[in-house]
Amino acid sequence: MSTIAAISTPVGAGGIGILRVSGEDALAVADAIFICGGKSPRALAETPLAMRFGTFRAADFRDRGYAVYFPAAKAYTGEDTVEFYLHGGVRIMRGALDAALQAGAKMAERGEFTRRAYLAGRMSLADAEGVADMINAESAAALRAAYRLMDGSLSRKINSLCDELGDVITGLEAVLDYPEETEDEVLPPLRGQIENALARVNALLATARTGNMAKHGVTAVLAGRPNAGKSSLMNALLGADRAIVTDVAGTTRDTLEGSVECDGVRINLIDTAGIRESDDAVESEGVRRALAAAKSADVVIHVVDTTDMRAEAPDFGNVRVFTVRNKCDLTSYMCPRMYGCFAVSAKDGTGVDGLRHAIAALYTEGKTADGEVITSERHKDALYRAKRALESAVKSLDGTVDCTLVDLREAYDALGEITGRTATEDVVNNIFAKFCVGK
Ligand code: GDP
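A brief report on the enclosed structure follows. None of the values given here were measured: they were computed from a predicted structure. (Residues numbered from 1 in each chain as written. Predicted model: local features only at pLDDT ≥ 70, side-chain atom pairs only at ≥ 80, totals over all residues. Heavy atoms only, no water.)

Re the site of the ligand
Surveying the vicinity of the ligand reveals 18 residues, the closest of which are Asn-227, Lys-230, Ser-231, Ser-232 and Asp-329. Asn-227 places a polar main-chain atom, nitrogen or oxygen, 2.7 Å from an oxygen atom of the ligand. Lys-327 is positioned with one of its side-chain polar atoms (N or O) 3.1 Å from an oxygen atom of the ligand. For the ligand, whose accessible area on its own is 580 Å², the fraction buried by protein is 86%. If one sorts the elements of the shell around the ligand by residue count, helix α11 (residues 230-238) sits on top with 3 residues. (Near = heavy atom within 4 Å. Polar contact = N/O pair within 3.5 Å; in protein donor to acceptor, adjacent residues only side chain to side chain. Areas by Shrake-Rupley, 256 points an atom, 1.4 Å probe, with all protein chains shown as cover. Helix = DSSP H or I, 4+ residues; strand = E, 2+ residues; numbered from the N terminus.)

Listed below in structure tokens is the structure:
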């Protein structure tokens, strides 16, 4: 594989900018563009994993900085790597990259360093996805879930499942070839083995909703009559004037969105047009979107004006609903949470913190004892396919061994896609295309 180079820090002015070079010729490239250690020509090679101060020579300028040589066995990519720490200026970094390319390196593609780490067997596909999730995480919960994934927690579970299924498959193949010698050993525990695998797949799938909340946040939709105070409450929850508030009924015609982090969890708030019947076409569309948004939310914040308690019971389907009695500053109710409702005042802030914590707590509620969560649609899809194949394998137990084998192989392949054991090149390409250049 050719030697690749890329700038690993974001484009812009910064204290430090990092240029990374990985591949067989990394040291040769470094020797051409970086002088350190006085007269010793291979100074970097002689001091692996040590920062060396020196001069970086680009075509039309020089900079002072550091370089570190990572020998293949200790490098992220599993190949000889040199990293250069220069002053983080846009022109400096562009010139430094050009110098590396002039010295024989090739421009790295998106995620190519991590792809090489994967190809070198230093991480599984799921671990590599964890790296991307770390970089893209926007809340502490998202970071913790990404760290687990990157650290190989899911890969270990999937690998042990795949290993066990692989053994079952090998056993069944032996039954096809030598039934008399193997049947008595292989067939009796078969049902238990498949059901056990199915239970483990189902347990992982059951964490997908919580995993989604960890990665993307808890989505809360504010719904209720016009003038109940949804926009005001959204601003109070966000702690900023994000939504436009007026006292003419029906001003919030479309959906407005904003996010805030609470207790390490990201909360995505969606303010909807007031839910009511309307002749106005724009407003009807807003109402339609409000109901649609409400039905796919993790929770609906149903805002009612506590001074205007007309009976209303919009249909939010099976979604969890928090009923919030707003404008409690106008009444004598002082209890922050009464009759299963939240009493708040968007105006003076009473009860708003409590409501924010309660929304964030919806994430904590779904966490399992061991903390494992499925955070990726790709993993969820693969687990669903494994589940269906294993269910079919259970059903096929009364039929022929061939049928069971087909189902088990399908389950094995689906699970193997998660870690990369059985992933096609397209799947792999797709994953690394989502990375940034330089990672
Ligand atoms: P929306 O139509 O449901 O989004 O309601 P708005 O947020 O636009 O609020 C409607 C009116 O109620 C505005 O005049 C707000 O100032 C007022 N309002 C909102 N929340 C409160 C509250 O907690 N107390 C009081 N007194 N007025 C509020």
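From this point on, the discussion continues.
Structural notes on the side chain of Asn-268
Position of Asn-268 among the secondary structure elements: in strand β10 (residues 265-271). Judged by relative accessible area, Asn-268 falls into the buried class, the value being 12%. In terms of polar contacts, Asn-268 uses its side chain to reach the side chain of Ser-259, at 2.9 Å. A distance of 2.7 Å separates polar atoms of two side chains, one belonging to Asn-268 and the other to Arg-266. Among all residues touching Asn-268, those that are not within four sequence positions of it are His-216, Gly-217, Val-218, Thr-219, Ala-220, Gly-258 and Ser-259. (Buried < 20%, exposed > 50% of the residue type's maximum accessible area, 1.4 Å probe, protein only. Contact = heavy atoms within 4.5 Å.)

Focus: helix α6 (residues 140-150)
Those residues of α6 that fall on the buried side of the exposure criterion are Ala-141, Ala-142, Ala-145, Ala-146 and Leu-149. Take α6 and look down its axis: the buried residues cluster within an arc of 130°, on one side only. Residues of α6 that are buried in the fold lie against α5 (125-136), α7 (153-177), α10 (208-216), β10, α13 (352-365) and α14 (377-395). Count one or two residues on from α6 and you reach Gly-152, which has phi positive near 95°. (Arc of directions from axis to C-beta.)

Observations concerning the side chain of Thr-419
Mapped onto the fold, Thr-419 is located in helix α15 (residues 401-419). Under the relative-accessibility criterion, Thr-419 is labelled buried at 5%. Leave out the neighbours within four places in its chain, and Thr-419 touches Tyr-118, Ser-124, Leu-125, Ala-126, Ser-155, Ile-158 and Asn-159.

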